[in-house]
Structures are given as structure tokens and as C-alpha cells.
Amino acid sequence: MISRTIVMTGASDGIGAAGAARLSALGDTVVVIGRSKEKTMAVANSLKIDFFIADFSDLDQVRALAVKLLERYETIDALINNAGGIMGPRRITVDGHEA
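All figures in this text were calculated on a predicted structure; none of them were measured in a lab. (Residues numbered from 1 in each chain as written. Predicted model: local features only at pLDDT ≥ 70, side-chain atom pairs only at ≥ 80, totals over all residues. Heavy atoms only, no water.)

S.K.: It is not clear to me how the pattern of salt bridges should be interpreted in this structure. Could you clarify?
M.R.: Two side chains bearing opposite charge may form a pair once their charged atoms approach each other closely. Under the criterion given, the structure shown has 5 salt bridges. In this structure, aspartate 13 and lysine 39 form a salt bridge, with 3.6 Å as the shortest nitrogen-oxygen distance. Here lysine 39 lies in helix α2 (residues 37-47) and aspartate 13 lies in the loop between β1 (5-9) and α1 (14-25), a separation of 26 residues in the sequence. Arginine 63 is paired through a salt bridge with aspartate 60; the nearest N and O atoms lie 2.8 Å apart. (Salt bridge = Lys/Arg side-chain N within 4 Å of Asp/Glu carboxyl O. Helix = DSSP H or I, 4+ residues; strand = E, 2+ residues; numbered from the N terminus.)

This is the structure we're talking about:
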């Protein structure tokens, strides 16, 4: 099997963490992304994989993450967009978009 580099968002808990574990066990290079440093680091450390912290509601953080990923990895073979959330009252992000 050829190892792929897979970036998975929302991987600090639940389905994202389980998916990261499964893909890592298959031999892929998995990079987990999350908002919570503590939770994301715990998942990454348990799997011995890389992690980055970014809040996708702040587009400056998204751009900074993209730069870091491009600097660190020669290729990214797959992006798994697992990030999500349950939103309560209407909230506007720092960039002026509805969360």
C-alpha cells in the first residue's frame, strides 16, 4: 500500500478522532486539525501523529494553517473536512460571516 498524507479537520474528538486512528493504523500519514489545543494534542499524541490548531471561523487562521501545511508536507493527498459544530444564537465571525 502506498502511504498517503491525509489532513483531517475536526479530529479532536468523536468521528474525527476515530477516523484519524483508523487511517493512521492503515499506514497513512495523518495530520489532525482542531480548535482545542488540549483535545487535539491528546489525540495526536496518542496516535504519534502531527497536529495543528486552527479556528475555521477566523480566515486568518485558515490562511496561516495553509502556509504551515505547505511548508511541512510535500504533498497532501486528501483533505477530510470533518469540522462542524452546533450553533446556538446567530453569531458573526471576526471576518463578518455568519458562523
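Here the narrative resumes.
S.K.: Can you help me understand the environment of glycine 27 in this one?
M.R.: Assignment of secondary structure puts glycine 27 in the loop between α1 and β2 (29-34). Separated by 16 residues in sequence, glycine 27 and alanine 11 place their C-alpha atoms 17 Å apart.

S.K.: Teacher, can you tell me more about the side chain of threonine 93 here?
M.R.: Note on placement: threonine 93 falls in the segment after β4 (78-80). For threonine 93, a relative accessible area of 9% translates into the label buried. Not counting chain neighbours up to four residues away, the residues in contact with threonine 93 comprise Ser57, Glu98 and Ala99. (Buried < 20%, exposed > 50% of the residue type's maximum accessible area, 1.4 Å probe, protein only. Contact = heavy atoms within 4.5 Å.)

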